[in-house]
Amino acid sequence: MERPKRMTTRDLKLGNRARLLRTLYFDGPLTRRDLAPATNLSTATVSNVTAELIAEGILREAGKVDSDGGRPHILLDVDPGHALVVGVDVGETHVQVELLDLKLAARAAARYALETGRHDPATVIEHIAAGVKEVLAAAGGVPVLGVGVGMPGIVEYGPDGVVHAQAFGWDAVPLGRMLADRLDPLPVHVENGAMTMGQAELWFGAGRGAENAIIALIGSGVGSCVIAEGALYRGAGSSAGEWGHTTMRVDGPACRCGSRGCLEAYVGAEGILDRYLAAAGAVDLDGGEEAALGRLLADPSPAAVAVVDETVRYLGAGLADLLNLFNPELIVIGGWAGLMLAGRRLGDITAATGEYALKQPFASARIAPGMLGPDAVAKGAATPVIVRFLGGA
Ligand SMILES: [Zn+2]
């Protein structure tokens, strides 16, 4: 069996119960014998705490392993169905609400389209509230621990969940407080969508086990989540990782943030389709941006190929900036547009990154597509609720 990863100082500060639960959640299933060294707890404490957690229905037996001729050892794991959580992805084109088990597997989902120009807080809150009500009906009496929301824009870290989202025309909207009033008694946690996606990929996806990683979110807009020494890096005002608004070209095309020549204006789905419109004269937007980008990527015409090739070079330059600035061991490309681009052109994107990056950070990094698919924002939004359940950050 694979050894549990080393303990961090943070783990050591947790109480016995939280330490054990956390170890089993991330590294389980494990036997009681494995748990003692993995948690630095005595075998007696492991035995007491696991008995308590089994009695509460939080842990379950998950098979047996042989023990050199003796009695087989029982494997223990957190029961994913013990409780449920709700994760919400507020994107530019939709609100996706998912009912998830403790290991982030979806049990039910509700999706609402957001019309262009209809991103006011009241509309978004209505969709979230309707979606939460709909998925809770599928909970079947299992307790639901809380609701996490991933939002575009800058989200101030704190109980009010204050959102600054220029693309939505939101300036300091206390979404967390407004939703908590609406969804009472469920606790609500609001976080930037790139950060929630990063958290999900770090826990259960392509970033698993990485200490220094960047998770790049490419959808209509562009963002990123910086993981530094195993923890999310927020910066002074929670806006760290706004990679989409790094400048690719001085006096370049207007960006939705009010500046010019931002990376988002080149590699965000909206920016890609705008450039294709300028080159080809017309773009078929039937089925929305996702369908349009899919058609563009599959289109063998020279105009389409030129726009996609250019996008690959801009994306490579943007990823090279991340490598040079942060020296991560891993960059994960996620978001629905990022997954489409990486699905078809990962080798070219990596080669373009190598052309723009310094040799040393490029040589020590890996570029990989996200593993959790476009649902990663909603799944990751639920992780703060799970952290609380596990007994601390
Ligand atoms: Zn910008």
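Conventions and cut-offs
Going along each chain's sequence as written, the residues are numbered from 1 onward. Restriction of local features to residues with pLDDT of at least 70 applies here, the model being predicted, together with a cutoff of 80 or more for giving and counting side-chain atom pairs; totals for whole chains, interfaces and linings are based on all residues. The side-chain numbers reported here are obtained from all heavy atoms of the structure, hydrogens and water having been left aside. A donor here means any N, O or S atom no more than 2.8 Å from the metal (3.2 Å for Na, K and Ca); water is not included, so a site may seem to lack partners. Irregular is the default label, applied whenever a site is not tetrahedral (four donors, all angles between 85 and 135 degrees) and neither square planar nor octahedral (four or six donors, opposite donors over 155 degrees apart, all other angles between 65 and 115). Between any two strands, at least two bridges found by DSSP are needed for them to pair. Strands here are runs of E lasting at least two residues and helices are runs of H or I lasting at least four, both read from the DSSP assignment and numbered beginning at the N terminus. Note on definitions: a residue-residue contact is assigned when non-hydrogen atoms from the two residues lie within 4.5 Å. As a rule, the C-alpha atoms of each element are fitted with a line to give its axis, helices using only the stretch in contact, and angles between N-to-C directions run from 0 to 180 degrees. The cut-offs work like this: below 35 degrees is roughly parallel, past 145 is roughly antiparallel, 65 to 115 is roughly perpendicular, and the gaps in between are oblique. Nonpolar residues are Ala, Val, Leu, Ile, Met, Phe, Trp, Tyr, Cys and Pro. Charged residues are Asp, Glu, Lys and Arg, and all others, Gly as well, are polar. What qualifies as a polar contact is a pair of N or O atoms within 3.5 Å, subject to a donor-acceptor requirement within protein and to the restriction that residues adjacent in sequence count only when both atoms come from side chains. By convention a nonpolar core is built from buried Ala, Val, Leu, Ile, Met, Phe, Trp, Tyr and Cys residues, the set being connected through side-chain atoms within 4.5 Å. Classification of residues uses two cut-offs on accessible area relative to the type maximum, computed with a 1.4 Å probe and protein chains only: under 20% is buried, over 50% is exposed, and between them is partly exposed.

**Q** Go over the coordination of the zinc ion with me, naming the residues and quoting the values.
**A** The coordination sphere of the zinc ion contains the protein donors His-245 (ND1), Cys-255 (SG), Cys-257 (SG) and Cys-262 (SG), at a distance range of 2.0 to 2.3 Å. For the zinc ion, the four donor atoms in the first shell make angles of 105 to 121° at the metal, a pattern classed as tetrahedral. For the zinc ion, the donor residues sit on a single chain with the sequence spacing H-x9-C-x1-C-x4-C.

**Q** So, the sheet that holds strand S16 (residues 366–369): which residues are in play, and what are the values?
**A** An order of S14-S13-S12-S15-S16 is seen for the five strands of this open sheet, with the pairing classed as mixed. This sheet does not close on itself; its edge strands, each paired only once, are strand S14 (231–232) and S16. Bridge count for strand S12 (residues 213–218) against strand S13 (residues 222–228) is six bridges, and the pairing is antiparallel. Considered in S13, the bridge of Ile-215 is made with Cys-225. Where helix H11 (residues 302–326) meets the sheet, its contacts fall on S12, S13 and strand S15 (330–334), and the angle it forms with S15 comes to roughly 145°. Against the sheet, helix H12 (residues 336–356) makes contact with S12, S15 and S16, and its axis sits at roughly 140° relative to S15, the strand it touches most.

**Q** An account of the packing of helix H2 (residues 16–27) against helix H15 (residues 383–390) is needed here, citing residue identities and associated values.
**A** Closest axis-to-axis distance for the H2/H15 pair is 9 Å, and the angle between their directions is 135°. By the angle between their axes, H2 is oblique relative to H15. Only Ile-386, Phe-389 and Leu-390 of H15 make contact with H2, whose side of the interface consists of Ala-18, Leu-21, Arg-22, Tyr-25 and Phe-26. Residue composition of the contact of H2 with H15, by class: seven nonpolar, no polar and one charged.

**Q** Provide a residue-level description of the side chain of Ser-224, including the pertinent values.
**A** With respect to the element layout, Ser-224 can be found in strand S13. Polar side-chain contacts of Ser-224 include one of 2.9 Å to the backbone oxygen of Gly-241. Beyond its immediate chain neighbours, meaning those up to four positions away, Ser-224 contacts Ala-194, Ile-214, Ile-215, Ala-216, Leu-217, Ala-240, Gly-241 and Trp-243.

**Q** So what's going on with the sheet that holds strand S1 (residues 30–31)? Residues and values would help.
**A** Backbone-to-backbone hydrogen bonds join strands into a sheet, with any given pair of strands oriented parallel or antiparallel. Within the open sheet, the three strands sit side by side as S1-S3-S2. Their pairing is antiparallel. Bordering the open sheet on either side are S1 and strand S2 (59–65), each of which pairs with just one other strand. As paired strands, S1 and strand S3 (residues 73–78) are joined by two bridges and run antiparallel to one another. Within the sheet, the bridge partner assigned to Leu-30 lies in S3 and is Leu-76. Sitting on the sheet, H2 is in contact with S1, S2 and S3, with an inclination near 95° to S3.

**Q** Go over the nonpolar core, please, and point to the residues and values.
**A** Trp-243, Leu-293, Leu-296, Leu-315 and Leu-319 are the most contacted members of the largest nonpolar core, which has 37 residues in total. For this core, the secondary structure elements donating two or more residues are S12, S13, helix H8 (264–267), helix H9 (269–280), helix H10 (288–298), H11, S15 and H12. If you tally residues by element for this core, the top one is H11, at ten residues. Ignoring any residue separated from it by four or fewer positions in sequence, one finds Leu-293 in contact with Ala-269, Ile-272, Leu-273, Trp-336, Ala-337 and Met-340. One finds Val-86, Leu-99, Leu-114 and Val-188 within the second-largest nonpolar core, a separate group that totals 34 residues.

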